[in-house]
Amino acid sequence: MITLTVDIQASTQSGACLLTLCKICQEPFTPQAHNQVYCGPVCKRKREADATRLGITYERRCRNCDRFFTTAIPKKQFCQPTCQREHVIRRQHSRAHEVPSLEPEALSYIKIDKAASGTRLVILSDTQIPFHDTRVLGGVSRFLVDWKPNTLILNGDIADCYELSNYDKSPSRVAHLQDEVTEVRYWLKRWREDVGPEGTIHYILGNHEARLSRFLTRRAPELAGLEDLTLYRLYGLGELNMQLIAYEGWIEYLGFRISHGARVSNSAPAAGMTARQMIIRRGGSGVIGHTHRRAQVSFRDDKGIHTWYEGGCLCNLRPFYGKEPFDWAHAFLYGEVHNNKLHLHLVNIYEDGFWAGGNYYAI
């Protein structure tokens, strides 16, 4: 065993091959993926059989249908083969090409290269109205009034569009779409009043807002051309002087790529793993929503220090449509520009309040 360990380490350091030990048979093998821990299907089936015999089970959430299921396989991602096939088919088609944008007023991206020192910025995401946390949004609203940012970025999934989703719906929630639109308009108007008429507000569409375009394209294409059936008109963004950014669009703000995002890493620990993926895929610095997790991951290269943020969420952490535990966390970001560099702060929102901008805000 000692000789075997030395041989594995030596071959790894020399770059000849990368070996690891199978968790079942303890034989060395060359993994085909970074997370492969079994040498072959025989050992994998033996591990599953042992787990079933000992009564070891795991509760997982299906990546396709979003339902919870029990399995003896610790990293199983789908509840049944049909869900896995449907997920693969979806991944083969880009959402941007599959569902065309029905928001003519939306921009693909905005790039901001210069900002005066003292310019203030706030980023909110994933309120998912009407499943928002009213207490938390009330505290954030008071912070906006006190801090008066020059720019407010609503980073996607501000609305939930629950009735337009493809998931099974609660009968008690169906046909409440107008109530949701009314609630969204209320908060958009309130944020405009908090920021003031001189402030700039950008609204980046998330995957939840994209449900309207998807619904019209797939189920009611005859209505897709109506001018009033756009989020820009339904939410009154023109009246509120808000700029709309298309789904999968972004804002390049002094080197930070701010986008809602479409990736969620389920690796453990989950918080921060999606930010790490963005570092690998894009490099630089940025802010993403979508994960509902709160994280900050930094790295350094020859160009300096870079940071990616997962901006948390402002919705209810205990939604009626799922089972606990969720690893979601309440948070938002605010920052200030100095010497044309954006200095961001990730605010942790606790059960009783949060500290931001030199003040404490009870909720």
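What comes next is a walk through the structure. (Residues numbered from 1 in each chain as written. Predicted model: local features only at pLDDT ≥ 70, side-chain atom pairs only at ≥ 80, totals over all residues. Heavy atoms only, no water.)

1. Looking at the side chain of glutamate 180
As for its placement among the helices and strands, glutamate 180 is situated in helix α6 (residues 177-195). Residue classification places glutamate 180 among the buried residues on the basis of a relative accessible area of 1%. Residues in contact with glutamate 180, not counting those within four places in the same chain, are Ile129, Pro130, Ala159, Asp160, Cys161, Tyr162 and Glu163. (Helix = DSSP H or I, 4+ residues; strand = E, 2+ residues; numbered from the N terminus. Buried < 20%, exposed > 50% of the residue type's maximum accessible area, 1.4 Å probe, protein only. Contact = heavy atoms within 4.5 Å.)

2. Things to note about helix α5 (residues 134-147)
Here α5 spans 20 Å end to end across 14 residues, near enough to the 20 Å set by a 1.5 Å rise per residue. Within the sequence span of α5, burial applies to Val136, Leu137, Gly138, Gly139, Val140, Ser141, Phe143, Leu144 and Trp147. Residues of α5 that are buried make contact with β6 (120-124), β7 (151-155), α6, β14 (331-338), β16 (353-356) and β17 (359-362). Looking at where α5 begins, the residue whose side-chain oxygen comes 3.2 Å from the main-chain nitrogen of arginine 135 is aspartate 133. Positioned one or two residues after α5, lysine 148 has a phi angle of 50°, which is positive. (Expected span 1.5 Å × (residues − 1). Polar contact = N/O pair within 3.5 Å; in protein donor to acceptor, adjacent residues only side chain to side chain.)

3. Examining the environment of arginine 60
With respect to the helices and strands, the residue arginine 60 is situated in strand β3 (residues 58-61). Separated by 15 residues in the primary sequence, arginine 60 and lysine 75 place their C-alpha atoms 8.3 Å from one another.

4. Some remarks on the pattern of salt bridges
Charged atoms that come close allow side chains of opposite charge to pair. What the rule picks out here adds up to six salt bridges. The shortest N-O distance in the salt bridge between arginine 233 and glutamate 227 comes to 3.8 Å. Among the ionic pairs, aspartate 327 bridges to arginine 293, the shortest N-O distance being 3.0 Å. With aspartate 327 in the loop between β13 (304-311) and β14 and arginine 293 in the loop between β11 (285-288) and β12 (294-301), this residue pair connects regions lying 34 residues apart in the sequence. (Salt bridge = Lys/Arg side-chain N within 4 Å of Asp/Glu carboxyl O.)

5. Quick word on the packing of aromatic side chains
Think of a pair of aromatic rings as described by two things: how far the centres are apart, and how the planes are tilted against each other in angle. Overall, the coordinates contain twelve aromatic pairs when judged by the stated rule. Where tyrosine 109 meets tryptophan 250, the ring centres are 5.3 Å apart and the plane angle is 10°; that geometry is what we call stacked. Of the two residues, tyrosine 109 is situated in strand β5 (residues 107-112) and tryptophan 250 in strand β9 (residues 242-253); the sequence distance between them amounts to 141 residues. According to the relative accessible area criterion, tyrosine 109 is partly exposed, its value standing at 47%. Between phenylalanine 143 and phenylalanine 332, the aromatic rings sit 5.4 Å apart at their centres with planes inclined by 50°, giving tilted as the arrangement. Separated by 189 residues along the polypeptide, phenylalanine 143 in helix α5 and phenylalanine 332 in strand β14 bring together distant segments of the chain. For phenylalanine 143, a relative accessible area of 0% gives the class buried. Since its relative accessible area comes to 0%, phenylalanine 332 is described here as buried. Here the aromatic residues Phe143, Trp147, Phe332, Tyr334, Phe354 and Tyr361 are joined through ring pairs into a cluster of three or more. One cation-aromatic arrangement involves arginine 257 over tryptophan 250; the distance from NZ or CZ to the ring centre is 3.9 Å. (Phe/Tyr/Trp six-rings, centres within 6.5 Å; stacked < 30°, edge-to-face > 60°. Lys NZ or Arg CZ within 6 Å of the ring centre and 35° of its normal.)

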